[in-house]
Amino acid sequence: MAWQQPMDGSHASGSKVAAADGPGTQRTQYPYVTGTSVIALKYKDGVIMACDTGASYGSTLRYKSVERIKAVGKHSLIGASGEFSDFQEILRYLDELTLSDHMWDDGNSLGPKEVHSYLTRVMYNRRNKFDPLWNSLVLGGVKKGPKGEEKYLGMVNMIGTHFEENHIATGFGNHLAIPILRAEWCEDMTFEEAVKLVEKCLLVLLYRDRSSINKFQIAKITTEGATIYPPYSLKTHWGFAAFENPSKGAVGSW
Amino acid sequence: MSSIGTGYDLSVTTFSPDGRVFQVEYAGKAVDNSGTVVGIKCKDGIVLGVEKLVTSKMILKGSNRRVHSVHRNTGLAVAGLAADGRQIVARAKSEAANYEKVYGEPMPVKELADRVASYVHLCTLYWWLRPFGCGVILGGYDRDGPQLYMIEPSGLSYKYFGAALGKGRQAAKTEIEKLKLSELTCREGIVEVAKIIYGVHDEAKDKAFELELSWVCDESNRQHEKVPDDLVEQAKAAAQAALEEMDAD
């Protein structure tokens, strides 16, 4: 992966920012414990989000029961891929944010659009200090707006790029899941249809993304609130003729 | 009854010959002249109630909050100068948020009461600051159960079963003492607090008032929140009925 420093020292060793830290100090260069893709899409009742429960330590699939989707306030879900400790820090910021929002006790509460906007500011400002939070965040939710219940789904990544869409995927999902979502997503899918579509994407990622594991969590956010379902596994199929008797055509001892 | 502190009351850093700090006592007078604030500790939580005197017909109902949440599980009711109260609330919120950030768990009520008391006391130590013109009743629910503290402008802080501040505090305290708090649930407690506040409200001197009730109890999931409207209405109705009964005698 292109996270390591290029060996030829072609760019001056990372970002030695003299100003805030003092000369010769460095900031976050590469992530250590990372989560892989998150997929999300809008459906009839709200937004559905899914990811696996794994966190890798480089090429080791080190942690296998990690929850990478969390509820934020009453109206939103956040899913993250990338450095898990940065996600934990972001959750702490969001906790402070939702607490002070709650204490106003004025009948209003932060909706998904507001939370997404807040996160965008945080991510972009950190990037400008050369000290990014190494994540791709997916923010989905439902909140009453001027036109009734409005579904919202957006993402923001470590360099501050952010946008809103009907379906989002991070990491490998960008390459493997987005084409499927573009072809098969439609407006107002039922929950069952949405789950089927999400599972189709998750299965492709399971087969092709080496950092994914066969343990997934689906979460949904509707006007009733957030529900994060318990983890479960998908059935995989390995009974291909080419896999049977793998050493059949092998020559010699190798 | 009130002694004039001639000469010894000009600064908060001056003692009188009989060992009193008059400026702090005068700050207490600001609290004594405000609308009544009542707090009680029931067996399953805390109830806080405020008699919000409405000074003008133009004021929107529900504005001018006197009971504030300072954390998920703790509330603060303010008596006295409202603007001074806001400073104390802001400080309490900041202390509670900081504690949770450092220690990873909600701030224990005892600790928060201590910090608030220290802060209030701080402003009685320097001549360039004036004491807060408000007293607060702090109620919260943590691992040690529900707890109620009252902090006075002097910085004095005690833990209470029941506490009252403001105009009707004497009458309110008498009423609270009659209650069997250890057997009362918060649902029943709300009604009792409403009755007390309606009871001590002086119809002659102050016309209109709004009742603000909040609680933190098992029923509210140990979260501090405004008492749900339907329960407030029930409590008000019961309080008014009790008043009429008293008048009928």
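Okay, so let's go over this structure. Note that the coordinates shown come from a computational prediction; the quantities given were computed from them, not determined experimentally.

## As for the side chain of A:His167
Here A:His167 shows up in strand β11 (residues 167–169). The contact partners of A:His167, leaving out residues within four places of it in the chain, are A:Ala40, A:Leu41, A:Leu153, A:Ile178, A:Leu181, A:Arg182 and A:Trp185.

## Quick look at the sheet that holds strand β13 (residues 225–228) of chain A
Residues and elements named next belong to chain A. Overall, antiparallel pairing links the 5 strands, which are arranged β11-β2-β3-β12-β13 in an open sheet. Sheet topology places β11 and β13 at the edges, where each strand pairs with a single neighbour. Strand after strand, the sheet turns through a mean of 10° between neighbouring axes, direction not considered. The strands touched by helix α4 (residues 173–184) are β2 (38–43) and β11; relative to β11, the strand with the most contacts, the crossing angle is about 160°. Running over the sheet, helix α5 (residues 191–208) touches β2, β3 (46–52) and β12 (216–222) and is turned about 160° from β2.

## Brief notes about the pattern of salt bridges
Enumeration over the complete set of coordinates arrives at 30 salt bridges over all chains. Measuring nitrogen to oxygen at the nearest pair gives 3.5 Å for the salt bridge that ties A:Asp188 to A:Lys151. One end of the pair, A:Asp188, is in the loop between α4 and α5; the other, A:Lys151, is in strand β9 (residues 148–157), and 37 residues separate them in sequence. For B:Asp32, the salt bridge identified is with B:Arg169, shortest N-O distance 3.4 Å. On the criterion of sequence distance, the pair formed by B:Asp32 in helix α1 (residues 22–32) and B:Arg169 in helix α4 (residues 169–178) is long-range, its members being 137 residues apart. Given a relative accessible area of 28%, B:Asp32 falls into the partly exposed group.

Reading the values: rules and limits
For every chain, the first residue of its written sequence is number 1, and the numbers climb from 1 along that sequence. Chains and ligands are labelled by the order in which they are written, letters from A for the one and numbers from 1 for the other. Predicted model: local features are reported for residues with pLDDT of at least 70 only, side-chain atom pairs are reported and counted for 80 or more only, and whole-chain, interface and lining totals are derived from all residues. Think of the side-chain values as coming from all heavy atoms in the structure, minus any hydrogens and water. Strands are runs of DSSP state E lasting at least 2 residues, helices are runs of H or I lasting at least 4, and numbering of each runs from the N terminus. By definition, residues are in contact when any of their heavy atoms lie within 4.5 Å. Pairs of strands are assigned from DSSP output, requiring at least two bridges between the strands. Here an angle of 0 to 180 degrees is reported between the N-to-C directions of two axes, which are lines fitted to C-alpha atoms, with helices fitted over the stretch in contact. The rule for a salt bridge is simple: a side-chain nitrogen of Lys or Arg has to be within 4 Å of a carboxyl oxygen of Asp or Glu. Exposure classes here rest on a 1.4 Å probe applied to the protein chains alone. A residue is buried below 20% of its type maximum, exposed above 50%, and partly exposed in between.

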